[in-house]
Amino acid sequence: SGASWAPSYRATLDPGTGEVALVSEGVVRQQTGEDWNGVALRLSTASPARGVAPPEMAPLLLRPVELGALGKSDGIEVKGELNAPPSGRAYQNVLAMAPGVSDAVRSDPVNAELLEAEVVHSAYNVAFEVPGRSDVPADSADHRVVLRQESLTGMLAYRTAPAIEPAAFLTSLVHAPAQYPLLSGAMRVLAGGTYLGVYMLPETAPGAELLVPFGRDNRIKVDRVRQPQDRSLEGMTGKTRQIAYEFKTKLENL
């Protein structure tokens, strides 16, 4: 109790090749009242706080309504309750990206940046063994540890939805690492050394296709113009009105 972690990612695009350098991180927070100094961290996808037993559906019973003071029944009364199980699949409470996020202090900083977390598979869960030793104070702040670093081959493409926003968005289609799943979490995206923003990565199975967005590309101009409407009356009596809508979209590569 009082300790949790959430996944976080940093994706850097190579505009020339479409390759994505993916760094997987763990954001650890604890307020147990005891500072963790020089500890070995294992970050697991298991969630013991949610319990182990499957939810049970409560019965929904129909009972006759009791007669009122006048001796008449106004209908059927439904008694009982429905306990709906929580929807979706979750691992740990996802931590918000708060200002002042600090890196966990490594007790053995020598070559720490070259080490990667070992992926430990159990029957149903995955755990990341953080290399070396870490210091995590009991200050309820976010402390970041690097888990894995991957280079993912990507294919660049542009996507646009002019009816919603007249802009072209650069994307890279990659495959997730085959050894472990990518848990749902915040992904900071960069391209050409520039920070572009945060993308909420959905849970992705090992080796599955993943479309990583890298923001608007101002070199592609998108212009959507509404054309004049064509109105006409149809039918024998001329009472059926028909309106034709037309839009013209122009793409320009600058």
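Residues numbered from 1 in each chain as written. Predicted model: local features only at pLDDT ≥ 70, side-chain atom pairs only at ≥ 80, totals over all residues. Heavy atoms only, no water.

S.K.: Give a description of the nonpolar core that names residues and reports values.
M.R.: With 31 residues, the main nonpolar core has Ala11, Phe128, Leu147, Leu182, Met187, Val212 and Phe214 as its most contacted residues. For this core, the secondary-structure elements that each account for two or more residues are β1 (3-13), β2 (20-30), β10 (126-129), β12 (143-152), β14 (165-175), β15 (185-191) and β17 (209-216). With four residues, the single largest contributor to this core is β1. (Core = buried A, V, L, I, M, F, W, Y, C linked by side-chain atoms within 4.5 Å. Buried < 20%, exposed > 50% of the residue type's maximum accessible area, 1.4 Å probe, protein only. Helix = DSSP H or I, 4+ residues; strand = E, 2+ residues; numbered from the N terminus.)

S.K.: I'd like to hear about the sheet that holds β14, residue by residue, with values.
M.R.: Here three strands make up an open sheet; going across it, the order is β13-β14-β17 and the pairing antiparallel. In this open sheet, the two strands that pair with only one neighbour each are β13 (155-161) and β17. Going from strand to strand, the sheet's axes swing by 35° on average, the running direction of each strand aside. Looking at chain direction, β13 and β14 are connected through six bridges and run antiparallel. By the bridge assignment for β14, Tyr158 is matched with Leu170. (Pairing = 2+ DSSP bridges. Axes fitted to C-alpha atoms, helices over the stretch in contact; angles between N-to-C directions.)

S.K.: Run through the pattern of salt bridges, naming residues and quoting values.
M.R.: Taken as a whole and assessed by the stated rule, the structure comprises eight salt bridges. A salt bridge links Glu25 to Arg144; the nearest nitrogen and oxygen atoms lie 2.9 Å apart. You can see Glu25 sitting in strand β2 and its partner Arg144 sitting in strand β12, a full 119 residues away along the chain. Arg144 carries the same exposure label as Glu25, and that label is buried. (Salt bridge = Lys/Arg side-chain N within 4 Å of Asp/Glu carboxyl O.)

S.K.: An account of unusual backbone geometry is requested, with residue identities and associated values reported.
M.R.: At Ser140, a residue that is not glycine, the phi angle is positive and equals roughly 60°. Relative to the helices and strands, Ser140 is located in the loop between β11 (134-136) and β12.

S.K.: Please provide a residue-by-residue account of the environment of Ala40, values included.
M.R.: Take Ala40: it is sitting in the loop between β3 (36-39) and β4 (42-44). Along the backbone, Ala40 and Asp135 are 95 residues apart, and their C-alpha atoms lie at a distance of 9.1 Å. Not counting the four nearest positions on each side in its chain, Ala40 is found in contact with Gly132 and Arg133. (Contact = heavy atoms within 4.5 Å.)

S.K.: So what's going on with the packing of aromatic side chains? Residues and values would help.
M.R.: For any pair of aromatic rings, the description consists of the separation of the ring centres together with the inter-plane angle of the planes. Under the defined criterion, the tally for this structure stands at two aromatic pairs. Consider the rings of Phe128 and Tyr180, whose centres lie 5.7 Å apart with planes at 85°: the pair is edge-to-face. In this pair, Phe128 is assigned in strand β10 and Tyr180 in the loop between β14 and β15, connecting sequence segments 52 residues apart. Tyr180 matches Phe128 in its accessibility class, with the two residues each being buried. Through a chain of ring-to-ring contacts, three or more aromatic side chains come together here, namely Trp5, Phe128 and Tyr180. Between Arg224 and the ring centre of Phe247, over which it is positioned, the NZ or CZ distance is 3.9 Å. (Phe/Tyr/Trp six-rings, centres within 6.5 Å; stacked < 30°, edge-to-face > 60°. Lys NZ or Arg CZ within 6 Å of the ring centre and 35° of its normal.)

S.K.: Kindly report on the pairing of β14, identifying the contributing residues and their values.
M.R.: The hairpin formed by β13 and β14 contains three residues between the paired strands. Pairing of β14 with β17, which is carried by six bridges, proceeds in the antiparallel orientation. Its bridge partner being in β17, Ser172 is matched across the sheet by Val212.

S.K.: Explain a nonpolar patch on the surface to me, using residue names and the numbers behind them.
M.R.: A surface patch of nonpolar side chains, about 330 Å² in accessible area, is lined by Tyr195, Val198 and Met200. Relative to the helices and strands, Val198 resides in strand β16 (residues 194-201). (Patch = residues over 30% accessible without salt bridge, like charges linked within 9 Å, V, L, I, M, F, W, Y side chains within 5 Å. Areas by Shrake-Rupley, 256 points an atom, 1.4 Å probe, with all protein chains shown as cover.)

S.K.: Could you give an account of the side chain of Arg144, naming the residues involved and the relevant values?
M.R.: A residue is classified by how much of its surface remains accessible, and Arg144, at 10% relative accessible area, is buried. Here Glu25 takes part through its side chain, which lies 2.9 Å from a polar atom of the side chain of Arg144. (Polar contact = N/O pair within 3.5 Å; in protein donor to acceptor, adjacent residues only side chain to side chain.)

S.K.: Residue-level account of the confidence of the model for the protein chain, with values.
M.R.: Low pLDDT marks regions whose predicted coordinates should not be analysed in detail. Of the residues in the protein chain, 79% have a pLDDT of 70 or more, and the chain-wide mean is 82. A low-confidence stretch, residues 78-101 stays under pLDDT 50, and its non-local contacts, those more than four residues away or across chains, total 44 contacts. (pLDDT = per-residue confidence, 0-100.)

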